[in-house]
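Results of the structural survey
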Amino acid sequence: MKNFDLNAFEKLKGNIQWKYLFFLILSNLWSYIPFTYRWYLLLDKNISFKSAYSSSVIGVGLNMVLPARGGDLIRLLINKNDSGLPLPNLLSKIFLEKVMDLGMVVLIGVSALFFLGLGENKNLSLVYISCFVLIAMFGGLIALRLFLEPIRNLLKVLFGLIKQEEFYLKTLDHHLIEFSEFLKGRKLIWPLMITFPTWLFGYALSYWFTSQMIGIHLDYPEILLIMFVGALGVAIPSAPSGIGVFHASVIYGFLLLGRASDEGFVFATVIHLAQFV
């Protein structure tokens, strides 16, 4: 933080449009609705929508204060108690959730970069890295869907080498079968489709109201770019809610847009506070 002029916050005095605060809070609450409904479907409606919503809000809030995205783990534990689903099942579904989110974020980022005329190779390093991770994730899911039996046999052999084959068969094997069946069915289509409004009309709306409230005006494609770099900044579990990493990512996005780094620092800080509230 010492590299940034904290006096940039002084510029907010008299420029904050408080009328947008109400809409910002509403947009934050709204953004949880498609996020929650997707999670509700991923869990095959084994919990109530109310329980899914409250656990989502609690999980995101705790991500603000717990390291390594610990809020997601708390969300799983809450849902485990409410649904009776085993933890391996919940872990597989949150993995699917993260794959969907990463895929959507990369799609948004690439589209925004090229729409804004920023598609030079020097600006695509984050996209290349994200695509590599995404391909690895999708590759694993496709392999599980198409080659379940060879994977099960391989895991039996590997667990057998450490004399834990019985543990694998009793605790993991049937979850692997259930997850593979889930990937084959129509149950996957709706969660995938809901990912679009979750980002394009949920999170993006919160970013836009934030920009309007603090007088750092951004067009919708610029909002999408900032959202892209910010999401990648917290994709890897780190400090609570990616403190520092998130700020640096948003500042990088502002620099790509030819905006001042101080503006990026202020915007990232306000976004962070708004999500916490």
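Above: the structure in question.
Quick caveat, the model's predicted, so the values are computed rather than measured.

A count of helices and strands for the protein chain gives 12 helices and 0 strands. Of the regular secondary structure in the protein chain, the N- to C-terminal order runs α-α-α-α-α-α-α-α-α-α-α-α. A total of 277 residues make up the protein chain; the buried ones form 44% of that total. Counting contacts in the protein chain only where the partners sit at least 6 residues apart, residues at least 24 apart contribute 70% of the total.

Another point: unusual backbone geometry. Unlike most non-glycine residues, D44 shows phi in positive territory, near 60 degrees. Among the structural elements, D44 can be located in the loop between helix 1 (19-42) and helix 2 (49-63). Take D44: its relative accessible area is 35%, and that puts it in the partly exposed class.

Let us now look at the pattern of salt bridges. By the definition in use, this model includes 9 salt bridges. A salt bridge links E97 to K98, with the nearest nitrogen and oxygen atoms 3.4 Å apart. Using a relative accessible area of 0% as the deciding quantity, one classes E97 as buried. A residue is classified by how much of its surface remains accessible, and K98, at 29% relative accessible area, is partly exposed. Among the ionic pairs, K170 bridges to E166, the shortest N-O distance being 2.8 Å. Of this pair, K170 and E166 both sit in helix 7 (residues 165-171), 4 residues apart, which is roughly one turn of the helix.

The next point concerns the packing of aromatic side chains. Within the structure shown, the criterion is met by 15 aromatic pairs. Ring centres 5.8 Å apart and planes at 15 degrees place the aromatic pair F23 and F209 in the stacked group. Taken together, the residues span a long stretch of sequence, with F23 in helix 1 and F209 in helix 9 (residues 189-214) at a distance of 186 residues. Joined through ring pairs, the aromatic side chains of Y20, F22, F23, W208 and F209 make up one cluster. Directly above the aromatic system of W39 lies the positively charged group of R75, at a separation of 4.6 Å from the ring centroid. Its end group placed over the ring of F182, K93 keeps NZ or CZ at 4.4 Å from the ring centre.

A cluster of nonpolar residues, W30, I33, Y37, F49, F201, L205, W208 and Y220, forms a patch on the protein surface that exposes about 720 Å² of accessible area. Put simply, the parts of the chain that give the nonpolar patch at least two residues each are helix 1 and helix 9. Note on placement: Y220 falls in helix 10 (residues 220-233).

Moving on, we come to the packing of helix 4 (residues 87-115) against helix 9. Their axes nearest at 10 Å, the elements helix 4 and helix 9 cross at an angle of 50 degrees. Put simply, helix 4 runs oblique to helix 9. Classified by chirality, the crossing of helix 9 by helix 4 is right-handed. Within the contact between the two elements, helix 4 uses M100, D101, M104, V105, L107 and I108 and helix 9 uses P191, L192, T195, F196, W199 and L200.

For the rest of this paragraph, the subject is the nonpolar core. Membership of the largest hydrophobic core comes to 42 residues, with the highest contact counts inside it found for L113, Y207, L225, I226, F228 and F267. Of all the secondary-structure elements, those providing two or more residues to this core are helix 1, helix 4, helix 5 (125-146), helix 9, helix 10, helix 11 (245-256) and helix 12 (261-276). Element by element, the count of residues in this core is highest for helix 10, at 9 residues. Counting 25 residues, the second-largest nonpolar core is a separate cluster that includes Y40, L96, M100 and L183.

The next thing to look at is the environment of I135. Within the secondary structure, I135 is located in helix 5. Between the alpha carbons of I135 and V99 there is a distance of 9.8 Å; along the sequence they are 36 residues apart.

A separate point is the side chain of H247. By secondary structure assignment, the location of H247 is in helix 11. Given a relative accessible area of 13%, H247 falls into the buried group. Beyond its immediate chain neighbours, meaning those up to four positions away, H247 contacts F265, A268, T269 and H272.

Another point: helix 2. When the terminal C-alpha atoms of helix 2 are compared, their 21 Å separation across 15 residues agrees well with the 21 Å that a helix rising 1.5 Å per residue should span. By the burial criterion, the buried members of helix 2 are S51, A52, S55, S56, G59 and N63. The buried residues of helix 2 occupy an angular sector of 130 degrees when the element is viewed end-on, so they sit on one face. Tucked inside the fold, the buried residues of helix 2 contact helix 1 and helix 3 (70-83).

With 29 residues, helix 4 extends 42 Å between its outermost C-alpha atoms, agreeing within 8% with the 42 Å of an ideal straight helix rising 1.5 Å per residue. Where helix 4 ends, the next residue or the one after it, G117, has phi of about 75 degrees, a positive value.

Thresholds, definitions, all that
- Note on numbering: residues in each chain are counted from 1, in written sequence order.
- Given that the model is predicted, a residue must reach a pLDDT of at least 70 before its local features are reported, and side-chain atom pairs must reach 80 or more before they are shown or counted; all residues, however, enter totals for whole chains, interfaces and linings.
- The basis for every side-chain value is the complete set of non-hydrogen atoms in the structure, without hydrogens or water.
- Helix and strand labels come from DSSP, where a helix needs a run of H or I of at least four residues and a strand needs a run of E of at least two; each type is numbered from the N terminus.
- Only protein chains enter the area calculation, which uses a 1.4 Å probe; residues under 20% of their type maximum are buried, those over 50% are exposed, and those in between are partly exposed.
- Pairs of residues are marked as contacts when any of their non-hydrogen atoms sit within 4.5 Å.
- We define a salt bridge as a side-chain nitrogen of Lys or Arg found within 4 Å of a carboxyl oxygen belonging to Asp or Glu.
- In this analysis, rings of Phe, Tyr and Trp, with Trp reduced to its six-membered ring, are considered paired at centre separations within 6.5 Å, and the interplanar angle assigns stacked below 30 degrees, edge-to-face beyond 60, and tilted for intermediate values.
- Only when the NZ atom of a Lys or the CZ atom of an Arg is both within 6 Å of the ring centre and within 35 degrees of the ring normal do we say a charge sits over the ring.
- Every patch collects residues that have over 30% relative accessible area and no salt bridge, joining them within 9 Å if they carry like charges and within 5 Å if they are nonpolar side chains (Val, Leu, Ile, Met, Phe, Trp, Tyr).
- What sets the accessible areas is the Shrake-Rupley method with a 1.4 Å probe; for residues, cover comes only from the shown protein chains.
- For helices, the fitted axis covers only the stretch in contact; all axes are lines through C-alpha atoms, and the angles between them, taken along N-to-C directions, range from 0 to 180 degrees.
- The labels follow the angle: roughly parallel below 35 degrees, roughly antiparallel above 145, roughly perpendicular from 65 to 115, and oblique for the rest.
- Crossing handedness follows the turn of the near helix against the far one: under a right angle anticlockwise gives a left-handed crossing, and clockwise gives a right-handed one.
- Working definition of a nonpolar core: buried Ala, Val, Leu, Ile, Met, Phe, Trp, Tyr and Cys residues. They are joined through side-chain atoms within 4.5 Å.
- Multiplying 1.5 Å by the residue count of a helix minus one yields the expected span of that helix.
- Regarding the arc, it is the one traced by the directions from the helix axis to the C-beta atoms.

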